[in-house]
Each structure stands twice: as C-alpha cells, then as structure tokens.
Amino acid sequence: MISASPVVRRYSAFSTSTAGGNPAGVVMEAADLPDDQMQSIASDVGYSETAFLTGPITADSPIPIRYFAPVGEVDFCGHATIATAVALGEDAGLGAYTLHTKVGPVNVRASRYRRGFQGSLESPPISCSPLAATDLELLLSSLRWTGEVLHPDYLPGIGFGGNLHPVVVVRDAETLGTLDYHFAALQELCRTHTWITVTLIAPAGPSLWQARNPFPWGGVVEDPATGAAAAAFAGYLRAQGRIAVGASFTIRQGIEMGRPSTLEVTVLEATALISGYAAVIT
C-alpha cells in the first residue's frame, strides 16, 4: 500500500539565494515510504536529487538517508546532504549530526550566520584512480572535444568522494563555455562505468576553480553545484600531489547555467570537508 505523499522541503544548496545553487528536495519523514514511492516523489520533484530520511532524527545515533535522482537511486549526494543539514538545523537544532548513507557514515553540521543557514559535510574517504586512455577518448568524443582542450599539467583521472567522477581539467574557463555534449553517448558511458557526474574544471585563480558537471547518469543535463564531485576533486588533487592536507580551495559552478554556486572545500587526512549555504525555496 502506498502511503500519503509526505511534505517535500526544497532548498537551493551552495547559494544564499534561490536564484543560484542546486535545488534539492528533502523529505524528513520517509521511514514508511517504499522504494517505488520515493522514486516517484523524486521524479515528480524533478531536481537532480531528493533526500529521504528513513529513520529517527536524533543527534545521538546515525540518521539513515537515501538519495533519489529522477531516474534512479544514487549512493551519495553532496548538495542534497547540505540541504539536509540545513533542514536538520531548522527542525532539530543547530549543531552536528551523523547520516548513515550507502557509502558509510557522513558527519554533517548545521550553522547559522548573518547570510543565512550553512551546511557542511565530511565526505566519505576520498581517492583517485587513472582514467584509461580508451575511456578518455570516448569521453572527449561524447563531449565533442578534442585533446587540445586538456590542461597539460593535469592528467585526467577518476576521483572518488562517495561516487565516481571522472575529472577533466581544461586549459581555461572559456573552454567550459563551449560545452554542448552528446547526451545519449555520455549517458551510456556514465552508466557503463557508474560515473555519477563528470567534472569538467579549469583553474580560475589562486585556490579557485570553475567547474561544470554533466549528470546524464541521473537523467539531468547538468548540475549547477555538485558536492560529491567537489570531494572527488579533492581526492584527485591530493593524488596528483597538487594539494596538502589542511589546504582549502573554492569551486565556482553553475555560472554558465545562470545559477551561480560556491562550494568551499578543505582537504582532511582521509576525507574532505564540503561547506555551503542553502536557501529555502518557498
């Protein structure tokens, strides 16, 4: 039996304004929802992910959570976790909580500042593996790019921060403006390798990066902010010897979509701390 539709709270993660960031749904009371209803709700909401809290909400024990894209479940989602942290801060009080995800425990914190509510998450363990030459060729072909766009100082790789995300560093931010990829081809490639989003990123200044993240795996053309991919990029930079433990950087994303987003990242010993504001969508 399908239960009555629960309340879906909506936030724009990694922005202080609903005109920016990546919208996410949060269902605080999802313990009794069957899988097909959670999937149906996520499809109806239409955001790249909706988070469902499927157990008791308490600061004393991990809170089980699941994430659904419009066309399937993902193991972990950064921007919906930031939105969930803010929702917990509003309902249960500011401070620290632990979420139990399919990739293990994720510590989050809800804070409030003059500019609004901010959420932070400590990612699952971060890492990076090589991107095979044949897969890079297929990836560039689906992006309608050639190898000439690649930054000569950064080898492509596959970062991990809860999900797998190929990382392609291009020469400059202007290259990102030319993105017009072949959706079906990239979707097939991502589903074959379980690549959740593809990180296309360029250096934009000291400790500053500009990114775009196609999300065809989830049936979404592009994410305006991708927290899990930011953690994966931290793993990529660390593996390439480009950043030290304790160092921080900023990712700007969603600019070309007209939804500017700001993701703050700090590299920890084995994980990454991802922080950002979240605005309530009314």
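Look above for the structure.
Residues numbered from 1 in each chain as written. Predicted model: local features only at pLDDT ≥ 70, side-chain atom pairs only at ≥ 80, totals over all residues. Heavy atoms only, no water.

1. What to know about the overall build of the protein chain
For the protein chain, the helix and strand inventory stands at 6 helices and 17 strands. Computed over C-alpha atoms, the radius of gyration of the protein chain comes to 18 Å, within 12% of the 19 Å expected from 2.2 N^0.38 for 282 residues, which places it in the range of a compact globule. Pairs at least 24 apart in sequence give 66% of the contacts found in the protein chain among residues at least 6 apart. Of the accessible surface of the protein chain, which amounts to about 11400 Å², a share of 52% is contributed by carbon and sulfur atoms. Between the centroid of the 16 positive side chains of the protein chain and the centroid of its 25 negative side chains there is a distance of 7 Å. (Helix = DSSP H or I, 4+ residues; strand = E, 2+ residues; numbered from the N terminus. Rg over C-alpha atoms; globule rule 2.2 N^0.38 Å. Contact = heavy atoms within 4.5 Å. Areas by Shrake-Rupley, 256 points an atom, 1.4 Å probe, with all protein chains shown as cover. Lys, Arg positive; Asp, Glu negative; His and termini not counted. Charge placed at Lys NZ, Arg CZ, Asp CG, Glu CD.)

2. Here's the deal with helix H3 (residues 133–143)
The set of residues buried in H3 consists of Asp 135, Leu 136, Leu 139, Leu 140, Ser 142 and Leu 143. For H3, the arc enclosing every buried residue in end-on projection is 160 degrees, short of the 170-degree limit, so these residues lie on one face. In H3, the exposed positions angled more than 90 degrees off the buried face are occupied by Ala 133, Thr 134, Glu 137 and Ser 141. Looking at the buried residues of H3, the elements they touch are strand E11 (164–169), helix H5 (183–193) and strand E12 (199–205). Phi turns positive one or two residues past the end of H3, at Arg 144, with a value near 60 degrees. (Buried < 20%, exposed > 50% of the residue type's maximum accessible area, 1.4 Å probe, protein only. Arc of directions from axis to C-beta.)

3. As for the environment of Pro 224
Mapped onto the elements of the fold, Pro 224 is located in the loop between strand E14 (220–223) and helix H6 (227–239). Assessed through its relative accessible area of 4%, Pro 224 is described here as buried.

4. As for the nonpolar core
Counting residues in hydrophobic clusters, the biggest one holds 77 residues, and the most contacted among them are Tyr 67, Trp 145, Trp 209, Phe 233, Phe 249 and Ile 251. Those residues in contact with Phe 249, other than ones at most four positions away along the chain, are Ser 207, Trp 209, Ala 230, Phe 233, Ala 234, Leu 237, Ile 243, Leu 263, Glu 264, Val 265 and Val 267. Grouped together as the second largest cluster of nonpolar side chains are 11 residues, Met 38, Ile 41, Ala 42 and Tyr 47 included. (Core = buried A, V, L, I, M, F, W, Y, C linked by side-chain atoms within 4.5 Å.)

5. Overview of the pairing of strand E3 (residues 50–53)
Burial along E3 is two-sided: the face carrying Thr 50 and Phe 52 and the face carrying Ala 51 and Leu 53 are both buried. In this sheet, E3 lies alongside strand E2 (residues 22–27) in parallel orientation, the contact comprising 3 bridges. Counterpart to Gly 25 in the pairing with E3 is Thr 50. Regarding the hand of the β-α-β motif, the stretch spanning E2, helix H1 (residues 35–45) and E3 is right-handed. In this sheet, strand E4 (residues 63–69) lies alongside E3 in antiparallel orientation, the contact comprising 4 bridges. Following the sheet pairing, Thr 50 is matched in E4 by Phe 68. (Pairing = 2+ DSSP bridges. Right-handed = clockwise from strand over helix to strand, strands pointing away.)

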